[in-house]
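# Residue-level structure breakdown
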Amino acid sequence: MTSELKVDKITPASGTNTQIGEAGDTTNLSAGTVTLPTSIITGATEKTSLVDADKFLIADSADSNAFKHVQKSNLPSGGLTLLGTIESTSDVSTVALDSIMDNTSYAAYKVVALLKIGSNGVTLRARFRDGGSALTASVYNFANLSIQQGESSPSISSGASSDHAYITDGAGTRTLSFQGMIFPVGLISNMGISICDWTAKISNYDSGDRHCRKITGVFEFVNGTVPDGFQFYLGSGNFEDYEMRIYGVSR
């Protein structure tokens with residue numbers, strides 16, 4: 001038996017909720033327009049960090065706008081995912097980010113950094129990290145090519161079986177912008193090697209004889225340990241200002 005009820009308003013008894021139908025029933029609202037309060041969204045608890053299993057309600061245009069859900073894991077990733085950032089104006093001897101890399105989650109990792117060195121004449125170095133500590137085994141190899149404003153030919157620096165990667169000497173260096181791509185163990189065909197391919201722009205910002213220098217280089221850590229972090233440090237002295245971010249490059 002079916003029947004039709006026409007009313008202008010249904011009001012629940014004081015302090016109760018109005019129920020339409022029983023469990024298993026289907027309530028069809030498609031024939032009219034349903035107006036919902038904005039508080040359904042604004043009054044809900046905010047979630048600030050999404051996980052892959054989170055779902056979004058959509059109208060599927062390929063299926064007569066039928067309601068469906070899509071999981072975050074199936075959404076486009078946008079290419080780069082910010083995994084870690086560190087910045088400060090306090091003096092430190094090491095700028096590091098930990099617990100951000102592995103050999104399965106991303107195709108590679110992009111490092112961008114701005115560094116202000118406290119004094120001239122110190123060397124800038126880099127290392128991979130694992131478990132909150134620098135990887136200091138003497139298995140770093142590196143090769144760098146540098147060209148400086150006013151010079152007629154580039155200079156070359158290289159080394160093997162070092163306990164760090166050499167980025168640049170500190171002669172006239174006070175500010176440095178760095179970008180590089182890290183390929184940890186297991187992401188390339190040469191198992192047991194983690195690689196960082198990088199470029200940097202260097203300037204002596206506070207000298208009357210300002211110069212601009214560009215360096216490009218590569219270093220590798222020949223070891224089966226999979227790094228989970230990255231750091232810059234100085235041969236002596238401190239960084240005055242610094243900012244570093246590491247992004248995951250989607251597969």
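Look up: the structure comes first, before these words.
Residues numbered from 1 in each chain as written. Predicted model: local features only at pLDDT ≥ 70, side-chain atom pairs only at ≥ 80, totals over all residues. Heavy atoms only, no water.

### Describing the pairing of strand 1 (residues 55-60)
Relative to strand 2 (residues 66-71), strand 1 runs antiparallel, the two sharing six bridges. The partner of Asp 60 across the bridge, within strand 2, is Ala 66. Between strand 1 and strand 2, which follow one another and run antiparallel, lie five residues, and Ser 64 among them has a positive phi close to 55°. (Pairing = 2+ DSSP bridges. Helix = DSSP H or I, 4+ residues; strand = E, 2+ residues; numbered from the N terminus.)

### Side note on the sheet that holds strand 3 (residues 80-88)
The pairing of strands in a sheet comes from backbone hydrogen bonds and takes either a parallel or an antiparallel form. One open sheet holds the eight strands; their spatial order is 3-15-5-11-12-13-8-9, and the pairing between them is antiparallel. Both edges of this open sheet fall to strand 3 and strand 9 (155-162), since each of them pairs with a single strand only. Between one strand axis and the next, the sheet turns by 15° as a mean value, whatever way the strands run. Note that strand 8 (residues 140-148) and strand 9 share six bridges and pair antiparallel. Within strand 9, the residue paired with Leu 145 across the bridge is Ile 156. (Axes fitted to C-alpha atoms, helices over the stretch in contact; angles between N-to-C directions.)

### Thoughts on the pattern of salt bridges
Applying the stated criterion across every chain, the model contains ten salt bridges. Put simply, Lys 47 and Asp 54 hold a salt bridge, and the shortest N to O gap is 2.7 Å. Here Glu 240 and Lys 116 are joined by a salt bridge, their closest N and O atoms 3.4 Å apart. Of this pair, Glu 240 sits in strand 15 (residues 239-249) while Lys 116 sits in strand 5 (residues 108-117), placing them 124 residues apart in sequence. (Salt bridge = Lys/Arg side-chain N within 4 Å of Asp/Glu carboxyl O.)

### A word on unusual backbone geometry
The backbone of Ser 64 shows a phi angle near 55°, a positive value even though the residue is not glycine. The class of Ser 64 is exposed, set by a relative accessible area of 72%. (Buried < 20%, exposed > 50% of the residue type's maximum accessible area, 1.4 Å probe, protein only.)

### Digging into the nonpolar core
Within soluble globular proteins, side chains that are nonpolar tend to cluster in buried spots. Residues Leu 115, Phe 128, Phe 178, Phe 219, Phe 230, Phe 232 and Phe 239 are the most contacted members of the largest nonpolar core, which totals 37 residues. Looking at this core element by element, the count peaks at five residues for strand 5. (Core = buried A, V, L, I, M, F, W, Y, C linked by side-chain atoms within 4.5 Å.)

### Overview of the environment of Thr 168
For Thr 168, the position within the fold is in strand 10 (residues 165-168). When the C-alpha atoms of Thr 168 and Leu 124 are compared, they prove to be 5.3 Å apart, with 44 residues separating the residues in sequence.

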